[in-house]
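# Tertiary structure, described
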Amino acid sequence: MLLSARQLSCVRQDRVLFEQLDLQLHAGEVLQIAGKNGAGKSSLLRILSGLSEPEDGEICYQQRPLAQSADDYADNLCFIGHLAGVQPQLTALENLVFWRACFALKNADDWALLATLGLAGLEDIPCQQLSAGQQRRVSLARLWLTSAQIWILDEPFTALDQSAIAALTARIAAHCSQGGAVLLTSHQPVQIPGHTVREFLLEYRW
Ligand SMILES: Nc1ncnc2c1ncn2[C@@H]1O[C@H](COP(=O)(O)OP(=O)(O)OP(=O)(O)O)[C@@H](O)[C@H]1O
């Protein structure tokens, strides 16, 4: 078991989004958090990523509480949030250089990678001039460069066209086949070739 949450609770604006929530993520697994708008999916992902604190409960990375394993966990986690997370004034190529400096990503042929992501010919344009889907593609390039075993992805398919969805699902499949694990949110059914997607439904609580 790579990641586990035990008896988690989260309160936002006096509303209990969830409580006594238990969840596990295993190597090789894709886990989809489903639920209505406002159910608390992004809040849960941010807590599981260590970006915010739960009201109550405990998260363990490889059976060790985050308090003892935070550095190891950070080294082995790739979190891509709801927003594209690209630097708008930088080009796609410059964003890769920037992320490599920040996150110790692998060296790669960045031109070839951007071509894989359907961005050939757009490498030198400031990202703020790209479409939402193109910016999302730039953002997802990190998944081809990271060595992290755990990926936590908040609505990674948003704004993507069919070809980009196919590239992303193939990348997730390859990652899980190599022992990686992916926890993601999506409002659409997710199909990963060769892998069963386990669903965790977060009920909306009033
Ligand atoms: N930082 C915050 N401060 C206060 N309230 C917040 C904060 N983040 C989220 N909320 C509230 O928590 C609730 C759950 O938000 P969250 O973004 O986790 O839901 P979600 O299930 O991801 O929704 P969606 O499907 O629309 O993305 C919402 O009512 C939201 O207003």
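Since the model is a prediction, treat every value here as computed from it, not as a measurement. (Residues numbered from 1 in each chain as written. Predicted model: local features only at pLDDT ≥ 70, side-chain atom pairs only at ≥ 80, totals over all residues.)

## Considering the sheet that holds strand E1 (residues 3-12)
- The sheet built from 4 strands is open, its strands ordered E2-E1-E4-E5 with antiparallel pairing. Of all the strands in the sheet, the pair left with one neighbour each is strand E2 (15-25) and strand E5 (64-65).
- Two elements, E1 and strand E4 (residues 56-61), share 5 bridges in a ladder whose sense is antiparallel. Residue pairing in the sheet places alanine 5 in a bridge with isoleucine 59 of E4.
- Its contacts with the sheet place helix H1 (residues 41-48) against E1, E2 and E4, and it is angled at close to 130° to E1. (Pairing = 2+ DSSP bridges. Helix = DSSP H or I, 4+ residues; strand = E, 2+ residues; numbered from the N terminus. Contact = placed C-beta atoms within 7 Å. Axes fitted to C-alpha atoms, helices over the stretch in contact; angles between N-to-C directions.)

## A few points about the UniProt feature "domain: ABC transporter" (unreviewed entry) in the protein
- UniProt records the feature "domain: ABC transporter" (unreviewed entry) at residues 3-205, using the numbering of this structure.
- What you have in residues 3-205 is 31% helix and 26% strand, and the ends, taken at the C-alpha atoms, are 25 Å apart. (UniProt positions renumbered as here; feature names shortened; annotations may be inferred.)

## Here we look at the confidence of the model for the protein
- Here the protein averages 95 in pLDDT, while 100% of its residues score no lower than 70.
- Among the prediction metrics, the complex's ipTM stands at 0.96, with pTM recorded as 0.96. (pLDDT = per-residue confidence, 0-100.)

## Focus: helix H5 (residues 132-140)
- Along H5, 7 of the 9 residues are buried, which leaves the element largely enclosed by surrounding structure.
- Residues of H5 that are buried include every one of Gln134, Gln135, Arg136, Arg137, Val138, Ser139 and Leu140, and no others. (Buried ≥ 20, exposed ≤ 12 C-beta atoms within 10 Å, placed from the backbone.)

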